[in-house]
Structure formats: C-alpha cells, structure tokens
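# Report on the structure
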Amino acid sequence: MHSRRTPRRAVLSVTALVLTAVTSCTSNDPGSTGASTKPVSGGSLTYASEQEPDCWDPHTSAQDVTAFVQRPVFDSLLYQTPDGDLKPWLAESWKTGEGGKSYTFTLRDDVTFHDGSRLDAAAVKANFDHITDKATQSQYAAGLLGPYQSTTVKDPRTVEVRFTRPYAPFLQAASTTYLGIAAPASLKAGADKLCAGSDSVGSGPFKAGAYTRGQQRTYAKNPAYAWAPQGAGHTGSTRLGSFTLRFIGEDATRVGALTSGQVDAAAAVPPQQTALVKRNGKLSLVTKDIPGAVDAFYLNTTGALFSDVRVRRAFQLAVDLDAVVASVFQGTGTRAWSTLSPATPNSYAASLEKSWPHDPKRAAQLLDQAGWTGRNAEGYRTKGGKVLTVVAPVYGKASVFSQAYQGELKKAGIKLDLAASTDAVEVSGRLDSGRYDVVETSWARADGDILTHFFLSTETSVGGGHNFSRVANPQVDAWLKEAQAAQDPEKRAIAYEKVQKWTLDQAAVVPAYVEKSTVGVHQRVHGLRLSISGWPEFYGAWVEAR
C-alpha cells in the first residue's frame, strides 16, 4: 500500500494496484499539467482521493494520506522540493551544532496561524512536546524525531532542538507534514477532536473547511498567506479560491468521475484503466516514482521457517519478478532491486541492480539442502510431513500482485498463505508477537533513513517500528547510526549502501516493485505538480473557467 499506508502496523499487502507510470499522454514532469496559458485567480478544483484518513492528526497518524490531506493546512520548518532539495520555510535559516546533536532555527517573523496567533519559538516547542508526549500516542512522527532530547526556546524567534547523539535525518524529517507546526491552542483540543479533523489549525495556504466522513473535505484560501518557501512554484496567496477532496476508494468509480468531468483530477489511475484516460483528449496523466522503501517482502529471520538462511534465499530466487511485474502492471511497472526506491535522494544503491536475478534451479537446490525434499499432491514441498507454508498477514484484501506472487511461488513448491483479515487489532497482534513468516509492505520517505525504521534492532513493531524482518545485527546497527551521524550526504549514502547490500545478501528482504504515483488531470487544471512523495501540491495550482 505504498506508503499510502493503513493505521499503525496494518501496513501489509493490502496494497492496491500500484500507481503506475504510463506512456503517451503521461508527463514525467511534476510541474507539467497543461498548456502554457496565463494563470488566473479564483475558481475551485475537485480532486478524487483513493484514501481517507482514519486519523487527521499528523502528529499521531502513520498514514501517508494524513500527511497529504493536511499538507495544505500545516507548514513545516523546512520544505523539500520535488527534486529533493531542502529549503527554508517557517524557519528562515538554521545552524547545525555539536556535529549534528543540535539544530538551531531562526524563525520568520511574519507568519500567522489561521486562528490569528503568531508563530514563535514557543509554538515550535509546543508542537514537538505534543509529538513526544506519550498521551499523543504518536505512531510515526515521534519516530522521525529519532534520538530526541528536548526543544528549548532561546528567544521569541530562535528555537533549539537537541538530540542525544548526532542525527542528520532530522532536517528532512522537519520538512514533513508529520512534524508540521499547528497553532498551539489547537493542540489542547484533545486526541479525539484532533484525530476527527475538527480542530486542524495551521499556518498553511489553505484553511480546513467542512468535512463529511466518507464523502469529502473542503479547503478555503488563506488570503494572508505570504511565506511560501523557495521552490514552491508560486508566491503569495493561492490562485485557487478553494478546493475539495472527494474520497472515492473504488478504482472504476474514481476514474469514471474523472472521465465524466465530475472531478478535475483523480489519484491512483490503475494500469487497466490508463488506456481509457489516454483516449480522452481532455485528460492527461502525471506520474512520479515514490521515494523510500519499495514494496517488498520482509522475512521473519527469527521464525521457525526463515531462521534458515537457505530457505530465505530460496524464497528470494524462486520468483521471476520481471515477469510478475510486467504481467500485473501491464508492462508499465518497475521491478525493484533494492529495498530503497531509486527516487530516494542520496541513498539508492544502484550497484545492486541485476545482482540477484531469478534462479529457480538454485532455489530448488537450497530447499533440498534445507530438507524440504518431499512433495504433496498439490506440488508443494514437504519435510517430515509438514508443507512448506509461508504465512503472510494481510490487512483487508490481498492485492493482485500478492496473488500473482503466490502463484509463482507455487511453481517452486512454496505455499504462500495470504492470511487476510479486516481486524486491524488481530493483524497488529500477529506482528507484535512474531506470528508470521513474511510481511509485504512499502513506506514512502524521501530520505534513506527509512532503512533505520526497517532494520535497526530496536525498531520492533511492539514499539511502533517496522523491523518486520527482526534483524538484530550489531554491524547493521552501526552502519545505520553511522549514516545518522554523517552530515556529508555521500558518507550517508555509503553507509546506506552497506545496509542495502547486507539485507539482500542475507535475504532478510525481497524487494518487489517500485511504487509510483499516477494522477489523472483534466486539461483545464494547471500547475498541479507532484511533491517529492508523489502527492499533488495544490498551492500553485489554478483552473481555467469552465
């Protein structure tokens, strides 16, 4: 589910059909969505989203969709451009101290929250205190703060954030919606109201409007907005007078709303419907690779089955990923070679490409060596009368890709049990207790530090982490902490490459495919570019009169 992830640890192979790149009418330029005509102000835009947040509080929720729907409302200290560069935003400048153990921000003096209060250092402290407060039960934002120690107000415009050890990923984390800055008074509304979305008060270019659960949310222009970051593609207040998010989970209905003109743009156009969009001369497709952790299978290295590295390697080599990806995504998908997407800035290990091709003969040899030499009537391998079964918890419904992967594994005699459940508590319980063999998931983040969340020994699901492989290796921990301490992007990339290579060599993970975002856009919409994470940015968008 791409980092379009479900609540808490229910981030499994519920993955919807990947948001794929397409040809012909597709633009790979996230700033290109229409003819070059003069921008106009006013008007409204309607966007069909494939997901709706379960919780609207980005300080609490781990869902990517929460970050998306609240980005227009909440600004952050820094801004990450679609190309990955970090720019000042609410902070006009910053300094790194003590080798990365402290970060001092000088704030803008012209920022006003939607409730009329002004941004100051105390507001930043209130937000970070809220994120790290145990009562908030942060599922992701607190993790982005890593080895957080404290936030100190130096003066009204100066705030210092300290860590117990050098932590370079903080600057990128500070650009995300999860660490977005809300009006301090709104944080006192309580968890229920903040999650319900009824008290979302930021300083962003849009103000949160009426919300009807299961249907839509409206956003109104913030006319006072005058602090857009460099690289945002626009300055001043928004061109749009308002916009509306409609929540349409069913693919055919969502695409139908786009082709019929009921909405101006739509998310997640699936492969089998791209031709329909391309045939419509009034529509185009905008696509972008998603950075972070690709869709992958994380093997439980401590479980009875996959504690044997030979079985893990057999699982890794048994499937013809090129064929599966080509079939499921109709020739438009990209198979993955590493845990990280190539779109992840300063992190992807290109050296791993072609390093572990499909090798069914070697997979068979490894399974023989591991004692799985028998075969039952269905063709599955057996040992001591037990069928070689890989249990994969699934929240919701297994994706088409997961089912295709299941079919390929059967050819190797491996039974993939897609244990689907709509009970998030049940699924989380299985993960926390280790009652699984593999977890299929993805997680978007425009920084290689996402590897820490998946492979640092302390990042277990019990504590809100994602170490589903249950890797507990001192050398891996050392590489990850080395990367966190390094201020030089090249040094960080070297450490991340070592982690990517080790996890593949040990078959702790089997990368599957690179997640992509594909948005269908009507020709009357302009400037609706995709962010670094592949979500539309409405700030610079505008629409022609109908």
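Below is a short write-up of the structure. Please read these numbers as outputs of a predicted model, since none were measured by experiment.

### Let's talk about the sheet that holds strand β8 (residues 158–163)
The antiparallel open sheet is built from four strands, whose spatial order is β5-β6-β8-β7. On the outer flanks of this sheet lie β5 (91–97) and β7 (148–155), each paired with one strand and no other. Averaged over all pairs of adjacent strands, the angle between their axes in this sheet comes to 20 degrees, without regard to strand direction. Inspection of the sheet shows β5 paired to strand β6 (residues 102–107) by six bridges, in the antiparallel sense. Bridged to Gly 97 within β6 is Ser 102.

### Structural notes on the sheet that holds strand β17 (residues 386–387)
Taken together, the three strands give an open sheet; going across it, the order is β15-β16-β17, and neighbouring strands pair in antiparallel fashion. Either end of the sheet is taken by a strand with one partner, and the two such strands are β15 (374–375) and β17. Bridge analysis of β15 against strand β16 (residues 381–383) gives two bridges, and the strand direction is antiparallel. Along β16, the bridge assignment pairs Gly 374 with Thr 382.

### A closer look at the packing of aromatic side chains
For the coordinates displayed, the defined rule picks out 32 aromatic pairs. Note on Tyr 225 and Trp 227: the rings are 5.0 Å apart at their centroids and 55 degrees apart in plane angle, and the pair reads as tilted. Summarising the burial analysis for this pair, Tyr 225 and Trp 227 share the class buried. Among the aromatic residues, those joined into a ring-pair cluster are Tyr 47, Phe 68, Phe 206, Tyr 219, Phe 243, Trp 535 and Phe 538. The ring centre of Trp 56 lies 4.7 Å from the NZ or CZ of Arg 217, which sits over that ring.

### Some remarks on the side chain of Thr 382
Tracing the chain through its elements places Thr 382 in strand β16. Not counting residues up to four positions away in its chain, the partners in contact with Thr 382 are Gly 371, Trp 372, Thr 373, Gly 374, Arg 375, Asn 376 and Val 387.

### Notes on the pattern of salt bridges
Where charged atoms from two side chains of opposite charge approach closely, those side chains can pair. The tally for this structure, following the rule as stated, stands at 19 salt bridges. The salt bridge involving Glu 160 is made with Lys 154; its shortest N-O contact spans 3.9 Å. Taking relative accessible area as the criterion, Glu 160 reaches 12% and is therefore assigned buried. Between Glu 537 and Arg 529 there is a salt bridge whose closest N-O contact spans 2.8 Å. Glu 537 sits in the buried class, given a relative accessible area of 15%. Residues joined in a network through salt bridges with shared partners are Glu 98, Lys 154, Glu 160 and Arg 162.

### Some words on the state of the cysteines
Within this structure, the stated rule accounts for one disulfide. Residue pairing for Cys 55: its cysteine sulfur links by disulfide to Cys 195, the two sulfurs lying 1.9 Å apart. Taking the sign of the S-S torsion, -85 degrees for the link of Cys 55 and Cys 195, the bridge is left-handed. Of the two residues, Cys 55 is situated in the loop between β2 (44–49) and α1 (64–70) and Cys 195 in helix α5 (residues 191–196); the sequence distance between them amounts to 140 residues. Here Cys 195 falls in the partly exposed class, since its relative accessible area comes to 22%.

### Section: the side chain of Glu 160
Along the chain, Glu 160 turns up in strand β8. Residues contacting Glu 160, with those up to four places away along its chain left out, are Ser 102, Tyr 103, Thr 104, Ser 150, Thr 151, Thr 152 and Lys 154.

### Some remarks on the pairing of β6
The hairpin formed by β5 and β6 contains four residues between the paired strands, and Glu 98 there has a positive phi angle of roughly 55 degrees. Relative to β8, β6 is paired through five bridges, and the arrangement is antiparallel. When the bridges of β8 are listed, Thr 106 appears paired with Thr 158.

### Re the packing of helix α8 (residues 309–317) against helix α10 (residues 360–369)
Two packed helices can be described by the angle between their axes and the distance between those axes. Axis separation between α8 and α10 bottoms out at 8 Å; the angle between their running directions is 160 degrees. Relative to α10, the element α8 is oriented roughly antiparallel. Here α8 and α10 pass one another in a crossing that is left-handed. Contacts between α8 and α10 involve Arg 310, Val 311, Arg 313, Ala 314 and Leu 317 from the former and Pro 360, Arg 362, Ala 363, Leu 366, Leu 367 and Gln 369 from the latter. When grouped by side-chain class, the residues that make up the contact of α8 with α10 number seven nonpolar, one polar and three charged.

Definitions and limits used
- Residues numbered from 1 in each chain as written.
- Predicted model: local features only at pLDDT ≥ 70, side-chain atom pairs only at ≥ 80, totals over all residues.
- Heavy atoms only, no water.
- Pairing = 2+ DSSP bridges.
- Helix = DSSP H or I, 4+ residues; strand = E, 2+ residues; numbered from the N terminus.
- Axes fitted to C-alpha atoms, helices over the stretch in contact; angles between N-to-C directions.
- Phe/Tyr/Trp six-rings, centres within 6.5 Å; stacked < 30°, edge-to-face > 60°.
- Buried < 20%, exposed > 50% of the residue type's maximum accessible area, 1.4 Å probe, protein only.
- Lys NZ or Arg CZ within 6 Å of the ring centre and 35° of its normal.
- Contact = heavy atoms within 4.5 Å.
- Salt bridge = Lys/Arg side-chain N within 4 Å of Asp/Glu carboxyl O.
- Disulfide = S-S within 2.5 Å.
- Parallel < 35°, antiparallel > 145°, perpendicular 65-115°, else oblique.
- Left-handed = near helix turned anticlockwise from the far one by under 90°.
- Nonpolar A, V, L, I, M, F, W, Y, C, P; charged D, E, K, R; others polar.

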